[in-house]
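Residues per chain, in single letters:
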Amino acid sequence: MTSLAAGSRPTRTQPSELVGARLPRWAPVAAAVAGVVLALALKAVLGWTGWLTAFFSAALLFVVVLTGWSFRVEGRRRAKDRLASTLIYSSFVAALVPLVLILGYIVVKGLPAFNADFFTHSMNGVGSRAGGGLYAAFIGTLEQVAIAAIIALPIGLFTAIYLVEYGKGGFARAVTFFVDVMTGVPSIVAGLFVYTFLLLGTGLRPFGAAGSIALAILMLPVVVRSSEEMLKLVPRELRDASYALGVPKWRTIVKVVLPTALSGLITSALLAIARVAGETAPLILLVGYAAKINNNPFHGDQATLPMFVWDQLGKRTGNASDFGEARAWGAALTLVLLVLLLNVGARLLARLARPKTR
């Protein structure tokens, strides 16, 4: 027997008898190229006019070529495993590509509208001419979402604490059931509910805070369910150790449970805010639209970013001008960036609020 030099590794020139033959590392790339070439050939022969059919044909041919090649070289068992892995990665790409295309299209269409006037002026007196901006809509969105968060976050957190720490019996199951039902309620239903009981019931005209109430209704089940899951992740041993030291339950929740789950609670709160930031249907009924700046959410119509997009596309005023379309895309890009900042902020705050391990 020959001994290997220290630190050296044997080179494998033949496939292992235990592992069997394997496809080379470049096999997926080669299968992808073959799928694209075959799809283009079919497009030329069959006369397909659109590229969408060719794209899906290339994806299908890629899966067929790679699986058939694996079946030929690696055997049936390994081919089934590769087929499942390929389908998983293909599903990921199929979900990612439309998202990237949508975001890219919004950036291309909306970025030309970005300038200083666009963020510092309202649409008061502008109409379909050039100029104007989304300042009033941006302020309205921030105020309404902030009021909705002030309403929904404490109620949702206290409900989650009750369900995790105190909830037992039929009442807790009923609360859980209604929270699950509210999760699937369409946004227009929440708007109709507030419109019926608040505006029609009292005779008030649309105002910004009315939309905040509808947004709070939509935000509430998201806060409850996500906060409940975060509280359930707190180890039971921490609670038991606190009880063993004679600490009351309410103090254990305040001093042990909530600090431990704080990072997750912050994430769930900001994600719930991002969830309702782009809602439009309730705002049509409850808020209306105003071209001028209205900093008072408790009186009069108030502009918001979703309603600004709707207005600039001509669905309210009939002005489907080029300037209006550019402003609409700019507002859509602003809304996307706002939601993106909320998600990034949620991650950063969650990391900062994470319990120290040392």
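Predicted, not measured: the structure shown is a model, and the values here were computed from it.

**Q** Got a sec to walk through the packing of aromatic side chains? Specific residues and values, please.
**A** Enumeration according to the criterion identifies 9 aromatic pairs in this entry. Aromatic pair Phe55 and Phe56: ring centres 5.5 Å apart, planes at 75 degrees, arrangement edge-to-face. Taken together, a centroid distance of 5.9 Å and an interplanar angle of 70 degrees make the contact between Tyr162 and Phe171 edge-to-face. Residue Tyr162 is classed as partly exposed on the basis of its relative accessible area of 26%. Every member of this aromatic cluster is reached through a ring pair, and the members are Phe114, Phe118 and Phe119.

**Q** Residue-level account of helix 8 (residues 208-232), with values.
**A** With 25 residues, helix 8 should cover 36 Å at 1.5 Å per step; its first-to-last C-alpha distance of 36 Å lies within 8% of that length. If you look at helix 8, its biggest bend is around 30 degrees, right at Met219, and the proline Pro221 turns up within four residues after that.

**Q** So, the environment of Phe158: which residues are in play, and what are the values?
**A** Within the fold, Phe158 resides in helix 5 (residues 135-166). Here the alpha-carbon distance between Phe158 and Val224, two residues 66 residues apart in the chain, equals 8.4 Å.

**Q** A description of a nonpolar patch on the surface should follow, citing residues and the corresponding values.
**A** On the surface, a cluster of nonpolar side chains totalling about 1000 Å² of accessible area is made up of Leu52, Phe55, Phe56, Phe92, Val93, Leu96, Val97, Leu99, Val100, Leu101 and Leu103. Those elements that provide at least two residues to the nonpolar patch are helix 2 (51-73) and helix 3 (76-110). Relative to the helices and strands, Phe55 resides in helix 2.

**Q** Requested: an account of the UniProt feature "transmembrane region" (unreviewed entry) in the protein, with residues and values cited.
**A** The residues that UniProt annotates with the feature "transmembrane region" (unreviewed entry) are residues 26-45, 51-71, 83-108, 145-164, 176-198, 204-224, 256-277 and 328-350. Taken end to end, residues 204-224 is 81% helix and 0% strand, and its first and last C-alpha atoms sit 30 Å apart. Counted over residues 256-277, helix gives 91% and strand 0%. Its end C-alpha atoms are 32 Å apart.

**Q** How would you summarise the nonpolar core if you had to cite specific residues and measurements?
**A** The biggest cluster of nonpolar side chains holds 26 residues, and the ones touching the most others in it are Leu134, Ala137, Leu286, Tyr289, Leu305, Phe308 and Ala331. Only helix 5, helix 7 (187-202), helix 8, helix 12 (281-286), helix 13 (305-312) and helix 14 (322-352) provide two or more residues apiece to this core. Excluding anything up to four places from it in sequence, Ala137 contacts Ala303, Thr304, Leu305 and Phe308. Counting residues in hydrophobic clusters, the runner-up holds 15 residues, among them Ala216, Leu270, Ile273 and Ala346.

**Q** Please give an account of the pattern of salt bridges that cites residues and values.
**A** Following the criterion strictly, the structure yields 9 salt bridges and no others. Among the salt bridges present, the one from Glu325 reaches Lys109, with a minimum N-O distance of 3.9 Å. Highlighted residues: Glu325 in helix 14 and Lys109 in helix 3, separated in sequence by 216 residues. Taking relative accessible area as the criterion, Glu325 reaches 34% and is therefore assigned partly exposed. Linked by salt bridges that have partners in common, Asp180, Arg225, Glu228 and Lys232 make up one network.

**Q** Explain the packing of helix 5 against helix 13 to me, and be specific about the residues and the numbers.
**A** Two elements in contact, helix 5 and helix 13, have axes separated by 8 Å at closest approach and are oriented at 145 degrees. Of helix 13, the residues touching helix 5 (which contributes Ala137, Phe138 and Thr141) are Leu305, Pro306 and Phe308. Grouping the constituent residues of the contact of helix 5 with helix 13 by class yields 5 nonpolar, 1 polar and no charged.

**Q** Could you give me a rundown of helix 13, with the residues and numbers involved?
**A** Across the 8 residues that make up helix 13, a large majority, 7, are buried. Immediately beyond the C-terminal end of helix 13, within one or two residues, lies Gly314, with a positive phi of roughly 90 degrees.

Definitions and cut-offs
- Residues numbered from 1 in each chain as written.
- Predicted model: local features only at pLDDT ≥ 70, side-chain atom pairs only at ≥ 80, totals over all residues.
- Heavy atoms only, no water.
- Phe/Tyr/Trp six-rings, centres within 6.5 Å; stacked < 30°, edge-to-face > 60°.
- Buried < 20%, exposed > 50% of the residue type's maximum accessible area, 1.4 Å probe, protein only.
- Helix = DSSP H or I, 4+ residues; strand = E, 2+ residues; numbered from the N terminus.
- Expected span 1.5 Å × (residues − 1).
- Bend = angle between axes of the 7 residues up to and from the residue.
- Patch = residues over 30% accessible without salt bridge, like charges linked within 9 Å, V, L, I, M, F, W, Y side chains within 5 Å.
- Areas by Shrake-Rupley, 256 points an atom, 1.4 Å probe, with all protein chains shown as cover.
- Salt bridge = Lys/Arg side-chain N within 4 Å of Asp/Glu carboxyl O.
- UniProt positions renumbered as here; feature names shortened; annotations may be inferred.
- Core = buried A, V, L, I, M, F, W, Y, C linked by side-chain atoms within 4.5 Å.
- Contact = heavy atoms within 4.5 Å.
- Axes fitted to C-alpha atoms, helices over the stretch in contact; angles between N-to-C directions.
- Nonpolar A, V, L, I, M, F, W, Y, C, P; charged D, E, K, R; others polar.

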